[in-house]
Amino acid sequence: MTNATNKTASWTSWRAPVTFDVSNVSRDTSVNKVEVVDYQNSWIDIYHAEVDLLTNSIGFLNPGIHHIGSTSVSGLSAKPIIDILIEVDEIRCLDDQVKHLEAIGYRGRGENGIPGRRYFEKGGDDRTHQIHAFKRGSYGAIRHLAFRDYLISYPQVAHEYALLKKQLAEACDNDIERYCDGKDRFIRKHEKLAIEWYSLKKRIQPGAAEPRR
């Protein structure tokens, strides 16, 4: 049965790395417009509609499907693109099923700069959805869930992130490289804190204190 909820993976063998280097992440310069908009209540409905499509398409892989990224955080301004995390038991199994995702409008781009990931996009230049697929319970998957839950749990951090993104979108002149470079420092800092917080929350106690900032 497909897991379409935001259920987290087992923590029996996973240990959080100290850092995650985002400097090698490939950025798509084909984006025509860098737009950050206020949170839209419709994003959750769009996500659930896509879960139904994905379930019908690759449900036989028993994927874990999660809403991630800024559109998954209520109240957070974001680029209007739905980010979806898919977890599978073996990432290579997904390589053999690309045709099923292509049939519902996705284009595969391989790892796209992140080892162990499979990245898919939908909507062409006016992208509407992105899939980030990882091996179930891997660090690549966990870091997305950690950052999402951290922003939900600490609204002030989410507010700071929203302001930063809006400022960068206005100043970058639709240059996605400049926009992403402007976010890097914030993301590096808070992703590390998020993973530490998430690890404590899941492995030690149900409600860890807010990490030092």
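Higher on the page you've got the structure.
Here the structure is a predicted model, which means the values were calculated and not measured. (Residues numbered from 1 in each chain as written. Predicted model: local features only at pLDDT ≥ 70, side-chain atom pairs only at ≥ 80, totals over all residues. Heavy atoms only, no water.)

Peer 1: What's the story with the overall build of the protein in this structure? I'm lost.
Peer 2: Of the regular secondary structure elements, the protein holds six helices and five strands. Looking at the protein as a whole, 48% of its 213 residues are labelled buried. In the protein, the share of contacts with a sequence separation of at least 24, taken over all contacts with a separation of at least 6, comes to 69%. When the accessible surface of the protein is summed, it comes to about 10,800 Å², and 49% of that surface belongs to carbon and sulfur atoms. (Helix = DSSP H or I, 4+ residues; strand = E, 2+ residues; numbered from the N terminus. Buried < 20%, exposed > 50% of the residue type's maximum accessible area, 1.4 Å probe, protein only. Contact = heavy atoms within 4.5 Å. Areas by Shrake-Rupley, 256 points an atom, 1.4 Å probe, with all protein chains shown as cover.)

Peer 1: Help me understand the nonpolar core, please; the structure alone is not making it clear to me.
Peer 2: The tendency in soluble globular proteins is for nonpolar side chains to be buried as a group. In terms of nonpolar packing, the biggest core is built from 26 residues, with Leu76, Leu85, Tyr150, Leu151, Val157, Tyr161 and Tyr198 touching the most fellow members. For this core, the secondary-structure elements that each account for two or more residues are helix H4 (139–153), helix H5 (155–171) and helix H6 (176–203). Sorting elements by how many residues they give to this core places H4 first, with eight residues. With near-sequence residues (within four places) excluded, leucine 151 lies in contact with Val73, Leu76, Val157, Ala158 and Tyr161. (Core = buried A, V, L, I, M, F, W, Y, C linked by side-chain atoms within 4.5 Å.)

Peer 1: I'm lost on the sheet that holds strand S5 (residues 129–135) in this one. Help?
Peer 2: The strands making up a sheet are joined through hydrogen bonds of the backbone, oriented either antiparallel or parallel. Pairing is mixed in the open sheet, where five strands are placed in the order S1-S2-S5-S4-S3. The open sheet is flanked by strand S1 (64–68) and strand S3 (106–108), the only strands paired with a single partner. Mean inter-strand twist for the sheet, computed between neighbouring axes without regard to direction, equals 25°. (Pairing = 2+ DSSP bridges. Axes fitted to C-alpha atoms, helices over the stretch in contact; angles between N-to-C directions.)

Peer 1: Would you take a moment to explain the pairing of strand S2 (residues 82–88) for this structure?
Peer 2: Consecutive side chains along a regular strand alternate between the two faces of the sheet. Burial runs high along S2: seven of the seven residues are buried. The two faces of S2 match: Ile82, Ile84, Ile86 and Val88 on one face and Asp83, Leu85 and Glu87 on the other face are all buried. The sheet contact formed by S1 and S2 spans five bridges and is antiparallel. Directly across from glycine 64, in S2, lies its bridge partner glutamate 87. Of the strand pairs in this sheet, S2 and S5 are connected by seven bridges, and their pairing is parallel. Across the sheet, residue isoleucine 82 finds its bridge partner in S5, namely histidine 129.

Peer 1: It is not clear to me how the packing of aromatic side chains should be interpreted in this structure. Could you clarify?
Peer 2: Note on aromatic pairs: each is described by the distance of the centres and the angle between the planes. One pass over the full model with this rule turns up seven aromatic pairs. Between tyrosine 39 and tryptophan 43, the aromatic rings sit 5.3 Å apart at their centres with planes inclined by 85°, giving edge-to-face as the arrangement. Judged by its relative accessible area of 4%, tryptophan 43 is buried. Between phenylalanine 147 and tyrosine 161, the aromatic rings sit 5.9 Å apart at their centres with planes inclined by 70°, giving edge-to-face as the arrangement. Here phenylalanine 147 is found in helix H4, whereas its partner tyrosine 161 is found in helix H5, with 14 residues between them in sequence. With respect to burial, phenylalanine 147 and tyrosine 161 carry one shared label: buried. Members of the aromatic cluster, connected to one another through ring pairs, are Tyr150, Tyr154, Trp197 and Tyr198. Directly above the ring of tyrosine 161 sits lysine 165, whose terminal nitrogen or CZ lies 4.5 Å from the centroid. (Phe/Tyr/Trp six-rings, centres within 6.5 Å; stacked < 30°, edge-to-face > 60°. Lys NZ or Arg CZ within 6 Å of the ring centre and 35° of its normal.)

It is worth stressing that arrangement in space is one thing and function is another; only the former is reported here.
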